[in-house]
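Structure at a glance
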Amino acid sequence: MTGPEFLHLATTISLGLLTASLLLTMYRIVVGPTLPDRILALDMLVAVVIGYIVVIAIRTGFTLYLDIAIALGLVGFLSTVAFARFIYQRWEFSRSAQEESREEARE
């Protein structure tokens, strides 16, 4: 087996595995069951898409795709941090509401 044949086979197998990962990630996004599960699945979805971009860049030899993958990685990281902050604020709000209801129940 020559080098280009092996590279083609490796990228084909990689795309197949990434497709299976994409389907499983989409299942987790739809099923959930909680908001943090869905957020982690969205973060995983970004990682899978970055994998697709990198494999396509290797297969085509077009290196501009790698810049796109880096930019997508940065955006994915920022969105994960924003979602985490949203969950934390939501948790703090519900905790303070529970404490207020407990104080009212004591009075």
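Analysis parameters
Residues numbered from 1 in each chain as written. Predicted model: local features only at pLDDT ≥ 70, side-chain atom pairs only at ≥ 80, totals over all residues. Heavy atoms only, no water. Helix = DSSP H or I, 4+ residues; strand = E, 2+ residues; numbered from the N terminus. Buried < 20%, exposed > 50% of the residue type's maximum accessible area, 1.4 Å probe, protein only. Contact = heavy atoms within 4.5 Å. Phe/Tyr/Trp six-rings, centres within 6.5 Å; stacked < 30°, edge-to-face > 60°. Axes fitted to C-alpha atoms, helices over the stretch in contact; angles between N-to-C directions. Parallel < 35°, antiparallel > 145°, perpendicular 65-115°, else oblique. Nonpolar A, V, L, I, M, F, W, Y, C, P; charged D, E, K, R; others polar. Left-handed = near helix turned anticlockwise from the far one by under 90°. Polar contact = N/O pair within 3.5 Å; in protein donor to acceptor, adjacent residues only side chain to side chain.

On to the side chain of Thr-25. Assignment of secondary structure puts Thr-25 in helix H1 (residues 3–31). Judged by relative accessible area, which is 6%, Thr-25 ranks as buried. Dropping the residues within four chain positions of it, Thr-25 is found in contact with Ala-41, Met-44, Leu-45 and Val-48.

A few words on the packing of aromatic side chains. Scanning the entire structure with this criterion turns up one aromatic pair. Both rings, one in Phe-62 and one in Tyr-65, keep their centres 5.2 Å apart while their planes meet at 75 degrees; by these two values the pair is edge-to-face. Relative accessible area serves as the criterion here: at 30%, Tyr-65 is assigned to the partly exposed category.

Once that is clear, we can look at the packing of helix H2 (residues 35–60) against helix H3 (residues 64–106). Across the interface, H2 lies against H3 with an axial gap of 9 Å and an inter-helix angle of 175 degrees. As judged from the angle between their axes, H2 and H3 are roughly antiparallel. Of the residues that constitute the contact of H2 with H3, the class distribution is 19 nonpolar, four polar and two charged.

Across the junction of Gly-32 and Pro-33, the peptide omega takes the value 0 degrees, indicating a cis bond. Within the secondary structure, Pro-33 is located in the loop between H1 and H2.

Before going further, it helps to spend a moment on the packing of H1 against H2. Interhelical geometry of H1 versus H2 gives an angle of 165 degrees and a closest axis separation of 9 Å. By the criterion of interaxial angle, the relationship of H1 to H2 is roughly antiparallel. In the crossing of H1 with H2, the sense of the turn from one axis to the other is left-handed. Partitioning the contact of H1 with H2 into residue classes produces 17 nonpolar, eight polar and four charged.

Take the side chain of Thr-11 next. Summarising the element assignment, Thr-11 is placed in helix H1. Given the relative accessible area of 6%, Thr-11 is considered buried. Here the side chain of Thr-11 touches His-8 through a polar contact of 2.9 Å, landing on its backbone oxygen. Polar contacts involving the side chain of Thr-11 include one to the side chain of Arg-59, which spans 3.1 Å.

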